[in-house]
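Secondary and tertiary structure notes
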Amino acid sequence: METILQTVGISESALGKVKDLWRSGSIRLDLPVIDLQHIWLVALIQELSLETDGTRSPDAEKLKKLLLEISDFATEHFSLEEDLTTRFRYPEHPGHREQHKHFIEVLNGKIADVRNGQTASINALVNFLLDWLTMHIQKEDKNYRDFLVRSNANLREYFQKLVNAREITIDRGQVALYNMVEGKSEVGEILNESILSNIIKIWNTHNLAVQIPIIDLQHIWLISMVVELDIASKTLGNTKRQKIFNKVIAGTVEYTREHFATEEKIMERFAYKNTQNHIKQHRSFVEMVHRRQQENETGDARAAAHLVEDLKEWLVSHIAIEDRNIYLGLKDQLSEIQNYVRELINAGELVVKKKQVDMYNQVCGLKKAS
Ligand SMILES: [Fe+2]
Ligand SMILES: [Fe+2]
Ligand SMILES: [Fe+2]
Ligand SMILES: [Fe+2]
């Protein structure tokens, strides 16, 4: 958790201030996703305030990035609120939208001042941001919240649909911060459900079950990582998210190696006829990803999205054809393979985590862990 926060650039002190504000009850609405976004926005502003508190000379590059991120994220947040209040026919919707518009105008005007070298106005800006946001949440946002509660709006369903359709994105850094401040798992559940439904879709559309449990389990885990990458690549647009993305991609590559090692052990142990050729394909995949990863480090969000597409395509076609052939070649030895896998696990040469078993069971529609 903490490492993710460090990666996205939320510091200990900003976290402390957000926690205090949250405990005071002044920004808490008890609305899923909206609370998460408010917490994120407040944390970004706190980060900005720490950068300009006078204890160090502010880093102009960092200021510019933070301001842009606040402006981008506030825009994203406001458009979600506006969609929500339109959808549930909140009568004060027009006035609420006007307030948002005004805020963005003031913010962008001040950003332009800072860009033109008028850094003296930065303290006034920080105060404006914090005051406005807290007031707005306490009064205007609370009003639409009360309206939604009175009208019994099914918000869980509303947000789930948006996340599934990728119309809103929630990244891991935001969830990590939300959990540290609030400790509720509702947003995490919405996110996980969306990931799961995507995995199941890929799994069933391409008919990926190989019928060797350990290999299926690892494939499902790999696909879940690719789905997460896919979501992350769509929220790229600033350096913080790029960092999260690079971290997730490194994890995916690492797990791919682990998976290849398992497959290769099984093929070699059971003298699968096409072992050498299959291993060659694994090698060239690792090389391809490595090359693309290096390109991506300097690349933009579109390069990242392409890399994820390639990853997904390779995996899906390799699993559907090559890995499926392992099953066809070894299907008379399935129980021996199961015993061998148990040996590997007992010897610590193969690690299977509980959450991987859970996901395997959910995707394959099994109830009990095997
Ligand atoms: Fe809001
Ligand atoms: Fe609002
Ligand atoms: Fe595989
Ligand atoms: Fe393979």
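Given the structure is predicted, the values throughout are model-derived calculations rather than measurements.

So, on to the overall build of the protein. Scanning the protein for helices and strands turns up 15 helices and zero strands. Considered along the principal axes of its C-alpha atoms, the protein spans approximately 70 × 50 × 30 Å. The burial tally for the protein puts 30% of its 370 residues in the buried class. Across the protein, the fraction of contacts at a sequence separation of at least 24, relative to all contacts at a separation of at least 6, is 75%.

Attention now moves to the confidence of the model for the protein. Taken over all residues, the pLDDT of the protein has a mean of 86, while the share at 70 or more is 91%. Per-residue pLDDT, averaged within each element of the protein, yields its smallest value for helix H1 (residues 2–8) (62) and its largest for helix H14 (residues 334–346) (95).

This part covers the domain arrangement of the protein. With domains assigned, the protein is organised as domain 1 (2–185) and domain 2 (206–364). Computed from C-alpha coordinates alone, the two centres of domain 1 and domain 2 are separated by 36 Å.

Here Glu182 shows up in helix H8 (residues 172–182). Remark: the alpha-carbon pair of Glu182 and Val126, spanning 56 residues in sequence, is separated by 24 Å. Discounting chain neighbours no more than four positions away, the residues touching Glu182 are Trp22 and Asp35.

We now examine helix H9 (residues 186–205). Its 20 residues place the ends of H9 29 Å apart at the C-alpha level, agreeing with the 28 Å of an ideal helix rising 1.5 Å per residue. All buried positions along H9 are accounted for by Val187, Ile190, Leu191, Ser194 and Ile199. Once H9 ends, the next one or two residues include Asn207, with phi positive near 55 degrees.

Another point: unusual backbone geometry. Negative phi is the rule for most residues except glycine; trans is the rule for most peptide bonds. Positive phi outside glycine occurs at Asp30, with the angle close to 60 degrees. For Asn207, which is not a glycine, the phi torsion comes out positive at approximately 55 degrees. Within the fold, Asn207 resides in the loop between H9 and helix H10 (213–234).

This paragraph deals with the packing of helix H2 (residues 12–23) against helix H3 (residues 34–51). Relative to each other, H2 and H3 sit at 130 degrees, their axes nearing to 9 Å. As judged from the angle between their axes, H2 and H3 are oblique. Crossing hand, H2 versus H3: right-handed. Side by side, H2 and H3 meet where Ser13, Ala14, Lys17, Val18, Leu21 and Trp22 of the first sit next to Ile39, Val42, Ala43, Gln46, Glu47 and Leu50 of the second. In the contact of H2 with H3, the residues fall into eight nonpolar, two polar and two charged.

Look at H3 against H8: their axes get within 9 Å of each other, and the N-to-C directions meet at 95 degrees. In terms of axis orientation, H3 runs roughly perpendicular to H8. Only Gln174, Leu177, Tyr178, Val181 and Glu182 of H8 make contact with H3, whose side of the interface consists of Asp35, Leu36, Ile39, Trp40 and Ala43.

Let us now look at the environment of Ser49. Turning to its location among the elements, Ser49 is positioned in helix H3. Residue Ser49 is classed as buried on the basis of its 20 C-beta neighbours within 10 Å. Expressed as a C-alpha distance, the spacing of Ser49 and Asn123, which sit 74 residues apart in the sequence, is 7.7 Å. Excluding residues within four positions of it along the chain, Ser49 makes contact with Val126 and Leu130.

The rules we used
- Residues numbered from 1 in each chain as written.
- Chains lettered and ligands numbered in written order.
- Predicted model: local features only at pLDDT ≥ 70, side-chain atom pairs only at ≥ 80, totals over all residues.
- Helix = DSSP H or I, 4+ residues; strand = E, 2+ residues; numbered from the N terminus.
- Buried ≥ 20, exposed ≤ 12 C-beta atoms within 10 Å, placed from the backbone.
- Contact = placed C-beta atoms within 7 Å.
- pLDDT = per-residue confidence, 0-100.
- Domains from an automatic or database assignment.
- Expected span 1.5 Å × (residues − 1).
- Axes fitted to C-alpha atoms, helices over the stretch in contact; angles between N-to-C directions.
- Parallel < 35°, antiparallel > 145°, perpendicular 65-115°, else oblique.
- Left-handed = near helix turned anticlockwise from the far one by under 90°.
- Nonpolar A, V, L, I, M, F, W, Y, C, P; charged D, E, K, R; others polar.

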